[in-house]
Amino acid sequence: STHLYAVSAKGGTPRRVTSGPIALFAVQGSRCSKDLAIVRCEHADAGTVARLDPATGAVTPLAQPNRELFGTLEVGEPDEFWIDMPEGHRVQCWMLKPPNADRRKKHPMVLEIHGGPRIQYGACYFHEFQVLASAGFYVLFSNPRGAQGYGEEFTRAIVQDWGGPDYEDLMRVVDESLRRYPEIDPDRLGVTGGSYGGYMTNWIVGHTDRFKAAVTHRSVVEISPLLLAGDFSDDSVPEFGDQPWRNSEGFRRMSPLTYVENIKTPLLITHSLE
């Protein structure tokens, strides 16, 4: 979640003003009122403009552009859970279930992987997740090592090791989800993601055949072209250990293209101009 905190101009202990699973996108004050204008969203709220009383934390909605539409749709709230990993860290996860899912039957599941990798999933509406759930899929999303929000050590765990700790965490997240939700059919698993999530989708299908289908969006298949043409150019040495014009062993090791001959999973590749 993204919360608002208040602290005296003279210093002191910050006080959290907002509460609950929310993402706060914007805050604006006014000389004419002690209240604040905010833009917030939640798992089942694509965006609300509201008035926030910073003294009490009370939120009064002012504009909910999607309220009428959402009233006609099945928009679900995911289950949230944490998984303890053998290295000592924890991974935060969410499972969005289909509307009125019958736990006596078997259901397919899609693993969704975030971009970045310096980013995080959280209390935010994802249209794609809701569409998949309404089509009958369980939708699993999580923040494996490499994500932000859990400390510098957690974020830096994949430096010069893309496809290492992140892959381990994602496979463990799938394993634990199958244990927690026995109604998920282990023979009907899918995987998808965009940008870095597309990189990890490519990596996964080159390292395991457990997924029956995969969709990779605007993805990375080789590290060097990413560094020469993308927004990682200044980070090539600290992030990957070498300059992109060199025939680096690390680049080959961390590039999904290196393992393309291992891919047996049907893989749909979607890309976009620029």
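Below is a short write-up of the structure.

1. Focus on the overall build of the protein chain
When helices and strands are counted, the protein chain shows 8 helices and 13 strands. The principal-axis extent of the C-alpha atoms belonging to the protein chain is close to 65 × 50 × 40 Å. Expressed as a percentage of its 274 residues, the buried residues of the protein chain come to 46%. Long-range contacts, defined as pairs at least 24 residues apart, comprise 59% of the intrachain contacts of the protein chain with a sequence gap of at least 6. In the structure as shown, the protein chain presents an accessible area of about 14,700 Å², 51% of it carried by carbon and sulfur atoms. The average position of the 28 basic charges and that of the 35 acidic charges among the side chains of the protein chain differ by 6 Å.

2. Some thoughts on a nonpolar patch on the surface
On the surface, Val 221, Leu 257 and Val 260 cluster together to form a nonpolar patch covering roughly 230 Å² of accessible area. Within the secondary structure layout, Val 221 lies in the loop between strand 12 (213-217) and helix 6 (223-229).

3. Digging into the state of the cysteines
Summed over the entire model, instances satisfying the criterion amount to 0 disulfides. Left without a disulfide partner, Cys 124 is nearest to the cysteine sulfur of Cys 41, which lies 3.4 Å away.

4. Quick word on empty space enclosed by the protein
Counted under the stated rule, the structure contains 1 cavity of 30 Å³ or more. Volume-wise, the largest cavity comes out at about 50 Å³. If you trace the largest cavity, you find it lined by His 43, Pro 78, Leu 96, Cys 124, Tyr 125, Phe 126, Phe 129, Gln 130 and Phe 141. Within the lining of the largest cavity, the residues separate by chemical class into 7 nonpolar, 2 polar and no charged.

5. Quick word on the layout of surface pockets
Of the voids in this model, the largest pocket is the one considered here, and its volume is about 400 Å³. Lining the largest pocket we find 18 residues, and of these Arg 218, Ser 219, Val 220, Leu 226 and His 271 sit closest to its centre. Broken down by element, the lining of the largest pocket gets its largest block of residues, 3 residues, from helix 6. Within the lining of the largest pocket, the residues separate by chemical class into 8 nonpolar, 6 polar and 4 charged. Its boundaries defined by the atoms lining it, the second largest pocket holds a volume of some 220 Å³. Lining the second largest pocket are 15 residues, with Ser 1, Glu 80, Gln 92, Trp 94 and Tyr 150 positioned closest to its centre. Mapped onto the lining of the second largest pocket, the elements with two or more residues apiece are strand 7 (79-84) and strand 8 (90-96). Taken together, the residues of the lining of the second largest pocket sort by class into 6 nonpolar, 8 polar and 1 charged.

6. Comments concerning the nonpolar core
Counting 40 residues, the largest nonpolar core has Leu 111, Trp 162, Tyr 199, Met 200, Ile 204 and Phe 240 as the members making the most contacts within it. Within the second largest apolar cluster, 9 residues are counted, among which are Leu 96, Val 110, Phe 129 and Phe 141.

Parameters and conventions
Per chain, residues are indexed from 1 in the order of the written sequence. With pLDDT at 70 or above as the cut-off, local features in this predicted model cover only qualifying residues; side-chain atom pairs require 80 or more to be listed or tallied, and sums for whole chains, interfaces and linings still use all residues. Calculation of side-chain values draws on the structure's entire complement of heavy atoms; hydrogens and water are dropped beforehand. Helix and strand definitions follow DSSP, with helices as H or I runs of at least four residues and strands as E runs of at least two, each counted in order from the N terminus. Relative accessible area decides the class of each residue, using a 1.4 Å probe on protein chains only: under 20% of the type maximum gives buried, over 50% gives exposed, and in between gives partly exposed. Note on contacts: a residue pair qualifies if any of its non-hydrogen atoms lie within 4.5 Å across the two residues. Only the protein chains shown count as cover for residues, with accessible areas throughout obtained via the Shrake-Rupley method and a probe of 1.4 Å. Charge counting treats Lys and Arg as positive and Asp and Glu as negative, with His and both chain ends excluded. By convention, the point assigned to a charge is CZ for Arg, NZ for Lys, CD for Glu and CG for Asp. To count toward a patch, a residue needs a relative accessible area over 30% and no salt bridge; like charges are then connected within 9 Å, while nonpolar side chains (Val, Leu, Ile, Met, Phe, Trp, Tyr) are connected within 5 Å. Whenever Lys or Arg places a side-chain nitrogen within 4 Å of a carboxyl oxygen from Asp or Glu, that contact is recorded as a salt bridge. Cysteine sulfurs are considered disulfide-paired once they come within 2.5 Å of each other. Cavities and pockets were defined on a 1 Å grid built over protein atoms only: a cavity is a set of grid points that admits a 1.4 Å probe from which the probe cannot escape, a pocket is an open set flanked by protein on both sides within 12 Å along at least five of seven lines, and lining residues are those with an atom within 4 Å of any such point. Grid points are joined across faces, edges and corners, and a volume is the space filled by probe spheres set on the points. Polar here means any residue other than Ala, Val, Leu, Ile, Met, Phe, Trp, Tyr, Cys and Pro, which are nonpolar, and Asp, Glu, Lys and Arg, which are charged; Gly is therefore polar. The definition of a nonpolar core used throughout is a set of buried Ala, Val, Leu, Ile, Met, Phe, Trp, Tyr and Cys residues joined through side-chain atoms within 4.5 Å.

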